[in-house]
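Structural features, examined
What follows is each chain in one-letter form.
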Amino acid sequence: MPQTVPCRARWGAVLLAPLLMATGCVLSDDTVKVSANQVVGTWSAADGATLSFAADRTFTSDGLDSKKLLDADQRCPGAAATGTWAFLADEGDGSYGTSDKARSGTEVGLSFDKEPQEDCSFDLMAVGGEDGATNLCVTVDPDEPCGPDVRFTRRK
């Protein structure tokens, strides 16, 4: 004779399963403050794109896919490219922009050397990642970190 499970137990399992799955491997989109030393290094995305940040505030990129990063009318260099990076910060006059003086922050702005800013414009937000690691994710709207869902993780 088959065993029956009380209705209350079945509903408990149904309601608890999504909660357990959600807490297992979901990455956080909570921003975290990082120092320049934590940004310096090579970061890679799941699709193979890379960003390498140097202490002198320069970077190199390779394999960026504009279709994943930006609006349809913008184009970022897919081949190897160079540029400068800086933290975005309050400049003290009510404006918010890249700051050569900021030593830490939650958002990193990129400026490509051979691309007009309007052709390739996105920032990177530092967010919590798996196992407490930090990810840099592409954002075009600071109110929606990781909007395009492109995350870079630091290579070891």
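Quick summary incoming for the structure in this document. (Residues numbered from 1 in each chain as written. Predicted model: local features only at pLDDT ≥ 70, side-chain atom pairs only at ≥ 80, totals over all residues. Heavy atoms only, no water.)

As a volume, the largest pocket reaches approximately 190 Å³. Around the largest pocket, the lining residues are Val34, Gln38, Val39, Trp43, Ala133, Thr134, Asn135, Leu136, Thr153, Arg154 and Lys156. At the level of elements, helix H2 (36–39), strand E10 (134–139) and strand E11 (151–154) are the ones that each hand at least two residues to the lining of the largest pocket. If you tally residues by element for the lining of the largest pocket, the top one is E10, at three residues. Of the residues belonging to the lining of the largest pocket, the class tally is five nonpolar, four polar and two charged. (1 Å grid on protein atoms, 1.4 Å probe; cavity = no way out; pocket = protein on both sides within 12 Å on 5 of 7 lines; lining within 4 Å. Points joined across faces, edges and corners; volume = space filled by probe spheres on them. Helix = DSSP H or I, 4+ residues; strand = E, 2+ residues; numbered from the N terminus. Nonpolar A, V, L, I, M, F, W, Y, C, P; charged D, E, K, R; others polar.)

Attention shifts here to the packing of aromatic side chains. What the rule picks out here adds up to four aromatic pairs. Geometrically, the ring pair formed by Phe53 and Phe59 is tilted, given 6.3 Å between the ring centres and 40° between the ring planes. For the pair Phe53 and Phe59, a shared accessibility class is recorded, and that class is buried. Both rings, one in Phe59 and one in Phe112, keep their centres 5.1 Å apart while their planes meet at 85°; by these two values the pair is edge-to-face. Of the two residues, Phe59 is situated in strand E4 (residues 58–62) and Phe112 in strand E8 (residues 107–112); the sequence distance between them amounts to 53 residues. We note that Phe59, like Phe112, is buried. Taken together, the ring pairs connect Phe53, Phe59, Trp85, Phe87 and Phe112 into an aromatic cluster. (Phe/Tyr/Trp six-rings, centres within 6.5 Å; stacked < 30°, edge-to-face > 60°. Buried < 20%, exposed > 50% of the residue type's maximum accessible area, 1.4 Å probe, protein only.)

With that settled, the discussion passes to the pattern of salt bridges. Under the definition given, this model contains one salt bridge. Here Arg151 ties to Asp149 by a salt bridge, and the two come within 4.0 Å at their closest N and O atoms. A residue is classified by how much of its surface remains accessible, and Arg151, at 17% relative accessible area, is buried. Residue classification places Asp149 among the exposed positions, given a relative accessible area of 56%. (Salt bridge = Lys/Arg side-chain N within 4 Å of Asp/Glu carboxyl O.)

Of all the five residues making up strand E2 (residues 41–45), four are buried; the element is thus mostly covered by neighbouring parts of the structure. The turn linking E2 back onto strand E3 (residues 50–53) is made up of four residues, and Gly48 within it adopts a positive phi angle of 95°. Summarising the sheet, E2 and E11 pair through three bridges and their orientation is antiparallel. Counterpart to Trp43 in the pairing with E11 is Arg154. (Pairing = 2+ DSSP bridges.)

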